[in-house]
Structures are given as C-alpha cells and as structure tokens.
Amino acid sequence: MRGPWFKKLSRVFGPRPPRALLILCVVCAFLLIALLGPSASRDFDRITSTARLDIYSGYRRLKEQATSDYLELRSLSLGANRIKDIPLCNKEKENFVPCYNVSRNLLWSFKDGEEFDRHCGVFSDRQNCLIRPPYNYKAPLSWPAGRDIIWSANVKITKDQFLSSGSMTKRLMLLEENQIAFHSEDGVVFDGVKDYSRQIAEMIGLASDSEFLQAGVHTILDIGCGFGSFGAHLLSLKLMAVCMAAYESTGSQVQLSLERGLPAVIGNFITKQLPFPSLSYDMVHCAQCGIIWENKDGMFLIEVDRLLKPGGYFVLTSPTNRVQGGSLRRIEVFTQNLCWNLLAQQEETFVWQKTADAQCYSSKLGAITTCEEEREIQSYYQPLASCISGTVSQRWIPIQNRSSSFPLNSTEVKIHGVLHEEYLEDLDYWKSVLKNYWSLLTPLIFSDHPKRPGEEDPLPPYNMIRNVLDMNAHYGGLNAAFLEARKSVWVMNVVPIKERNTLPLITDQGFVGVFHDWCEPFPTYPRTYDMLHANGLLSHLESEGCSLTDLLFEMDRILRPEGWVVLSDKLGPIEKARMRATEIRWEARVIDLQNGSDQRLLVCQKPFVRK
C-alpha cells in the first residue's frame, strides 16, 4: 500500500520517478561506497615516499567520475547549467595578440618606435569571443618530430613570404604542400648552423660547442631568432635557448619557434626593459636581429648588460657594412664603459665578455653610474635605464664559478633568502604531484581519441605535451619535476608581479621565466601552449580584483586545441572557474584531493572547435 510520502512524490514527479532522479540515486550510492573506502584519506598526499602513484586508477577513477556526475546532475536539477552562448571571433582574429596595435598606437601619438611597443594599460582590447584556429589547422606532431616538421597552416606565413625571406632561410627550410620541413640534426645541415655554433665556442676559447656547459653557459637569449634553427641546435647540446623577437603581424619568428616546440616570447628593445630579472642569462645572441645597438646613448647595450650574468657573453653577428666605421667605434666606446672585453672578431661575428669584477664600473669615472637599489627589485616593462644593475647583488657570481649541479646547494639557495630545507621540500612535493598529474593525464591523452573535425583519425600518440606554461611558478618546482622525470617538455615559468619575487631563483636553476601581471594578456600568439598550469593563481587574482572571465578567455587564446589546463586552488575559486570553463566550451572536471583541506584540482581540456 502506498503511503502519504509516496503520494506526495507522485504529485510532484508523477506516478513514475524521473530517470534523472534514479540516476542521481545510483550515483549517490556509488559515491557513498567510494567515500567509505579504506584509502580515501591517503589520496594525493603532499610529500610522502610511500604514496601510491596509481591513485587515479580502479575504483578511485570511478569515485571521481561519480562525483563529477553527481555535481552535473545537481546543477541540472538547480537549473544552473544554462551556458551562455559565447561566440567565435571573426577570421581576422586568428592570430590576434592583445596590447600590440600599431595603427591604433599611431593615432594615439606614439612615435619614435613606441608604436611597435606593448601597450596594455592604455587601451582595452579584450575579446569577448573565442579565437578559432585557421581552417586547415592540425594538431602539431609529437616531439621531436614536431621540431623538424610543422603544418604550414598553423603559422601565419605564406609561400611568397617564405620565398622572399632570404637565401639562408630558404636553404634551412623546405616548403612542401602543407608542411614546413626543417633539416634534422641527423641529416645534412645547411648554412653552417653547427659550424657557426662551433665558431662562437672557439672565439670564447673552447675546443667545440659541446664545452659550453663546462664553461658556464647554460641559458641563452636569442634575439631575433629567425625560425629557431640556431636555438634548436643549442637545445641538442642541452642548453636552454629562448627566442625573443618583436611582435610581427605576419611571418612571426616567435609563433613559428613555439610551433616547433622551442621556448619563445614576444619582446623588443625599444623603450622598456624586458620582463626578466637582472643577471638572468649566460649569453645574449643577436644574428642580424635588426637592432641598432648604439642608439639611445647605448641604453640597449646597458639592457643587455643588465640581463647578462657576470662573465657572460654578448655575441653579435651583423653584415660588415653595418658594424664598421663610426658605428663600430661608438659600440666600442659603450662596451668599454660597460667594462666588456672584446674577446674576438671573425668576419661578421663579434664576441664580448661582461666583466666579473663589480668594482670595474666605479673606475669608469663619469661614464655610467650604478643603479639605485630599488631598481633592482623587479623589472616589469619599466623604462630603459641608463645605469648599471646587479653590482650589489649577492647573485653577482661569475658564470665560470657557478655550480652546474642540480638541485642548487644550500649556499646558492640561501642567497635568495630561502631555507634549503624548504627548497628541497618543495622539489619533493612537485615530484609527487607531477607523478599524479601524469597518472591522470596519460590515460586521457593515449586513450581512444575523438576524431578531429574534418580530419582522418590520428595515429598514436595523438598529442603530446611539449610547451608548458606554469602561470604561478613559485620556486620552479614543476619545471624541476619535469626535468627529474626526464619528460620531453620545457616550461615557461611565470612569477606574478605582486607575488613573492622568486624569479631570480628560477633563472639561477637554469630555467626560463618572466614576470607577468595576469590582469593583462600574456605576450604570445594564439595556440602556442599545450598545457597551462597554475597553483594558487585564482586566489591571487581574486585578491587583486582582476576578472576571472578575462583570465580564462586569455588562457583559451594561448592554449592549443585539445590542450590541457590544470588548476589547483581552494574550493570557492575552483567552482567559479569550473562554471566559467563550461561557458567557453572546455571539458571540465573537479577533483577532490581528499587531504583534509578545501584544496581542489580543476582539470580541463579545450575542444577542437572549427565553427
């Protein structure tokens, strides 16, 4: 006999319960069984050598799926899933980079090169639409094949631009029907990239370029890197070479380098300092990079000096008709005032070495002064300085005297005001976290992959993570964990400008990193990163009063189709991000770390959207 409780339900739902309610009941049952499991409290421990690495397999995965399904059903029941219709941008926005708009800058009276500079705070060019990939866009080939062969439709360079780009470029690249094929290191090397690298090594007193590491050269800033062939060769020598070039509306060097899986970022020598800390690089390289170094009373050379570590090298290759006569004499005057020593000149290549003696600058009376200490703190697009940086820093250590071991020793860490135990603990933590990330992502990457629109089914591995952006890098622990696990990825480490300044510690480990304000767009082209990671960034953004929606739009812009987003934060910001993620069409799942805190993990994948 049916009781009054059943009759009340019948009046609400009808004589038969709705299917959604039955599903909800089943899911709740599964959820209760999973939560009562014996190992629920051990999931995703912070630091433990005995932590299970298969925590995302078996019933654990079932629990996560049940939790996700429960949350989705709850949202359905509350009517909270009414997703806004976010439109796709016009085709003209396929390669859109915010903060760079030359014609607009000219209208606002920017001149003397400033029209080509980055201007984020003056104008609002945020997009309320999703930037679609080019019509013939294809997922990049997995590394290392993707270093040597890219799809020509993925970058904004036409066949005519390629053919008019010069004989060196044409011989370094082969343009085929729908691919740009670079010559592999295993094949014939054209235009002497290897010979050029060996020449530089010999000019600084080495037998070959294989000795760069022993000489203290670990990180190189390659200005105006062309299509990355020199950087790709340096990478084969286990050197971290970062391409940096000005924004280009067509045929971008940065976009093409990133498409090859090589580190790159937009930047230029015009009016502002680059977003790197002082004493960041062991070598700065410029081969026909188009910069007139003696301009602005040598401030471009002063900026190079700021970036170089003591004992580091500045390599300039330029046509002899450009670096000669009065121009060369002016450069020589500036380099002497900077206490640089011209080591060698061979044909069109010059190599200077920065002094390792911090007292040298005081002997140059009336030449160039040293900077005030407050200018040493952080350089985020500050105006170019006419003073010498880094001379009072405890990081003033010649590259030849630096330890090449990893991780850093206690003395090296102490310089940064960090306890050695804290540093090692952070490294151990991220080793454990990375194993869990990889355990979670690998089945998804290598499982049955959906057919991409308009393409044949891809061959495995379907897409492999190569370019990683750590949006709140802290000590660079995720980068270190990738290195320790020997994953074939590189990481762009970002330190938000109002967080603790840990970027010098990151660069001293031989990693690449920049300062950035996440209330602003990031200086890169669309579709240039395979994975975006952030730990605690959402809470930081909330405290700064910045827009979460703007951040996710920006993340969608720079993330490749089928790329991954992993966000770790408190429950409140994570839930807000999950709702926004569904609005921009990401597949999103919240994972409870089950460590007794309100920390949650949001794992998203960007779909391959054509229209």
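Being a predicted model, the structure only gives us computed values, none of them experimental.

> Honestly, the overall build of the chain in this entry has me stumped. Any pointers?
The number of helices and strands found in the chain is 19 helices and 17 strands. Counting the 611 residues in the chain, one finds 54% classified as buried. For the chain, long-range pairs separated by at least 24 residues make up 70% of all intrachain contacts whose partners lie at least 6 apart in sequence. Here the chain displays about 28,000 Å² of accessible surface, and carbon together with sulfur accounts for 53% of that area.

> Explain helix α17 (residues 537-544) to me, please; I cannot follow it from the model alone.
Since the α-helix turns once every 3.6 residues, residues separated by three or four places project in the same direction. Taken together, the buried positions of α17 are occupied by L537, L538, H540 and L541. What you see down the axis of α17 is that its buried residues fit within an arc of 160°, all on one side. Buried residues along α17 sit in contact with β12 (490-496), β14 (529-535), α18 (548-558), β15 (559-570) and α19 (571-583). Once α17 ends, the next one or two residues include G545, with phi positive near 75°.

> Just checking my understanding: could you explain the packing of aromatic side chains for this structure?
Two descriptors summarise a pair of aromatic rings, namely the distance from one centre to the other and the angle between the planes of the rings. According to the stated counting rule, one finds 18 aromatic pairs in the structure shown. Geometrically, the ring pair formed by Y137 and F608 is tilted, given 6.1 Å between the ring centres and 45° between the ring planes. Linking Y137 in the loop between α4 (102-107) and α5 (145-148) with F608 in the segment after β17 (599-605), this pair joins segments that are 471 residues apart in sequence. Exposure remark for Y137: the relative accessible area of 1% places this residue in the buried category. Overall, F608 belongs to the buried group, its relative accessible area being 10%. Aromatic side chains F314 and W352 sit 5.9 Å apart centroid to centroid with 25° between the ring planes, which places their arrangement in the stacked category.

> Explanation requested: the sheet that holds β12 in the structure shown.
Sheet strands line up and pair through hydrogen bonds in the backbone, either parallel or antiparallel. An order of β13-β12-β11-β14-β15-β17-β16 is seen for the seven strands of this open sheet, with the pairing classed as mixed. In the strand order of this sheet, the two ends are held by β13 (512-516) and β16 (587-592), each with one partner. Across this sheet, the average inter-strand angle for adjacent strands is 15°, counted without regard to direction. One ladder, built from five bridges, connects β12 with β13; its direction is parallel. Pairing of P496 across the sheet is with H516, part of β13. Here α17 sits on the sheet and contacts β12, β14 and β15; the angle it forms with β15, its principal contact strand, is near 75°. Each of β15, β16 and β17 touches α19; the most contacted strand, β15, lies at about 155° to it.

> Help me understand the state of the cysteines in this model?
A covalent bond between the sulfur atoms of two cysteines is referred to as a disulfide. Inspection of the entire model under this criterion finds seven disulfides. Two residues, C339 and C360, share a disulfide whose sulfurs are 2.1 Å apart. Around the S-S axis, the bridge from C339 to C360 shows a dihedral of about -95° and counts as left-handed. Taken as a pair, C339 in the loop between α12 (325-337) and β9 (340-346) and C360 in the loop between β10 (349-354) and α13 (410-414) lie far apart in primary sequence, 21 residues in all. By relative accessible area, which is 17% here, C360 ends up buried.

> Explain the nonpolar core here, please?
In a soluble, globular protein the nonpolar side chains are often hidden away together inside. Residues L221, W293, F314, L469 and M492 are the most contacted members of the largest nonpolar core, which totals 89 residues. Ranked by size, the runner-up nonpolar core spans 22 residues in total, among them L441, I465, L478 and F482.

> How should the sheet that holds strand β4 (residues 219-223) be read in this particular structure?
Spatially, seven strands are ordered β6-β5-β4-β7-β8-β10-β9 in an open sheet, and the strand pairing comes out mixed. Edge positions in the open sheet fall to β6 (264-266) and β9, since each of these has one partner strand only. Direction aside, neighbouring strands of the sheet carry axes that sit 20° apart on average. As defined by bridge partners, β9 adjoins β10 across six bridges and the pair is classed as antiparallel. Bridging from a neighbouring strand, Q346 pairs with T349 of β10. Contacts from helix α11 (residues 295-307) reach β4, β7 (281-287), β8 (308-317), β9 and β10 within the one sheet, and its direction differs from that of β8 by about 135°.

> What is the right way to look at the pattern of salt bridges in this model?
When the charged atoms of two side chains lie near each other, side chains of opposite charge can form a pair. Enumeration over the complete set of coordinates arrives at 19 salt bridges. Where R557 meets E554, a salt bridge forms, and the shortest distance between an N and an O atom there is 2.8 Å. You can see R557 and its partner E554 sitting in helix α18, three residues apart, about one turn around the helix. On the basis of relative accessibility, which here comes to 4%, the residue R557 falls in the buried class.

> I would appreciate a short explanation of helix α9 (residues 229-236) in the present structure.
Here α9 lies mainly inside the structure; six of its eight residues are buried. Of all the positions in α9, only S229, F230, G231, A232, H233 and L234 are classed as buried. Of the residues one or two after α9, K238 is the one with positive phi, at around 65°.

> Looking at this structure, how should I read unusual backbone geometry?
Where the residue is not glycine, phi is negative for most of them; where a peptide bond is considered, it is trans in most cases. Residue P144 is reached from W143 by a cis peptide bond, and omega for that bond is 5°. A positive phi angle, close to 55°, is found at E347, a residue other than glycine. Residue position: E347 is located in the loop between β9 and β10. In this structure E347 comes out as exposed when scored by relative accessible area, which is 68%. Not every positive phi belongs to a glycine, and H474 is a case in point at roughly 55°. By the secondary structure assignment, H474 is in the loop between β11 (467-470) and α15 (477-484).

> Hey, could you run me through the environment of E92 in this one?
Tracing the sequence through the fold places E92 in the loop between α3 (59-78) and α4. C-alpha separation for the pair E92 and I131, spaced 39 residues apart in sequence, amounts to 9.4 Å.

> Quick question: what am I supposed to make of the side chain of T528 here?
Here T528 shows up in the loop between β13 and β14. Of the residues examined, T528 reaches a relative accessible area of 2% and is grouped as buried. In this view, T528 contacts L258, N467, I558 and R560; residues no more than four positions away in its chain are not counted.

> Honestly, the environment of L239 in this entry has me stumped. Any pointers?
Looking at where L239 falls in the secondary structure, it is placed in the loop between α9 and β5 (240-245). In sequence terms L239 and H218 are 21 residues apart; their C-alpha atoms lie 5.2 Å from each other. Contacts of L239, omitting those with residues within four sequence positions, involve F212, L213, V217, H218, I220 and L234.

Scoring rules and cut-offs
- Residues numbered from 1 in each chain as written.
- Predicted model: local features only at pLDDT ≥ 70, side-chain atom pairs only at ≥ 80, totals over all residues.
- Heavy atoms only, no water.
- Helix = DSSP H or I, 4+ residues; strand = E, 2+ residues; numbered from the N terminus.
- Buried < 20%, exposed > 50% of the residue type's maximum accessible area, 1.4 Å probe, protein only.
- Contact = heavy atoms within 4.5 Å.
- Areas by Shrake-Rupley, 256 points an atom, 1.4 Å probe, with all protein chains shown as cover.
- Arc of directions from axis to C-beta.
- Phe/Tyr/Trp six-rings, centres within 6.5 Å; stacked < 30°, edge-to-face > 60°.
- Pairing = 2+ DSSP bridges.
- Axes fitted to C-alpha atoms, helices over the stretch in contact; angles between N-to-C directions.
- Disulfide = S-S within 2.5 Å.
- Core = buried A, V, L, I, M, F, W, Y, C linked by side-chain atoms within 4.5 Å.
- Salt bridge = Lys/Arg side-chain N within 4 Å of Asp/Glu carboxyl O.

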